[in-house]
Amino acid sequence: MIFGSQHMEFFVGIALALLVCGAAAWLGMDRDRVFYPAVLIVTASYYVVFAVIDGGQAALWSELAIAAAFMGLAVLGFKRNLWVVVAALVGHGVMDVFHGALVHNTGVPQGWPGFCLTFDLTAAARVGSVLAFRARAGEFA
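Just so we're clear, the structure is a prediction, and the values are computed from it rather than from any experiment. (Residues numbered from 1 in each chain as written. Predicted model: local features only at pLDDT ≥ 70, side-chain atom pairs only at ≥ 80, totals over all residues. Heavy atoms only, no water.)

With respect to the pattern of salt bridges
Summed over the entire model, instances satisfying the criterion amount to one salt bridge. A salt bridge links aspartate 30 to arginine 134, with the shortest nitrogen-to-oxygen separation between them at 3.1 Å. With aspartate 30 in the loop between helix H1 (8-27) and helix H2 (35-54) and arginine 134 in helix H5 (residues 112-136), the pair connects residues that are 104 residues apart, well separated along the chain. Residue aspartate 30 is classed as buried on the basis of its relative accessible area, which comes to 0%. Overall, arginine 134 belongs to the buried group, its relative accessible area being 4%. (Salt bridge = Lys/Arg side-chain N within 4 Å of Asp/Glu carboxyl O. Helix = DSSP H or I, 4+ residues; strand = E, 2+ residues; numbered from the N terminus. Buried < 20%, exposed > 50% of the residue type's maximum accessible area, 1.4 Å probe, protein only.)

Re the packing of H2 against helix H3 (residues 57-79)
Viewed as axis vectors pointing N to C, H2 and H3 meet at an angle of 175°, and their least axial separation amounts to 9 Å. Comparing the axis directions of H2 and H3 gives the class roughly antiparallel. Two secondary-structure elements touch here, H2 through Pro37, Leu40, Ile41, Ala44, Ser45, Tyr47, Val48, Ala51, Val52 and Asp54 and H3 through Ala59, Leu60, Glu63, Leu64, Ala67, Phe70, Met71, Leu73, Ala74 and Phe78. Its residues placed into classes, the contact of H2 with H3 shows 17 nonpolar, one polar and two charged. (Axes fitted to C-alpha atoms, helices over the stretch in contact; angles between N-to-C directions. Parallel < 35°, antiparallel > 145°, perpendicular 65-115°, else oblique. Contact = heavy atoms within 4.5 Å. Nonpolar A, V, L, I, M, F, W, Y, C, P; charged D, E, K, R; others polar.)

Written as structure tokens, this is what we have:
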């Protein structure tokens, strides 16, 4: 094993974000403005799934409220400026660090916050670099 299993979620989060964003760029799927906001919506929805696994109403309603906020930012970013999506991905990554203190959701897997943190921050960096490159090239931003 190359990496210790103790922090594998960090490496997997980074690798998966690079794979998803890289494959989307290579295939041309990210040429449409809707791609990165859709990634944010999917990212924000996972904690809702974990709340369903948890089975508690309090966790479900809390997670729905948080997801709705990030989904709203995804829509705003899609409609106005994709840099909002970059900021929201960073914000979601930061929220992952504090999620356990915000919501008691026993459905969240142990390694999820670390995985989601690194996925979100890596995706935000990738999306930001794509937007900066496209802005220089005169494409959408």
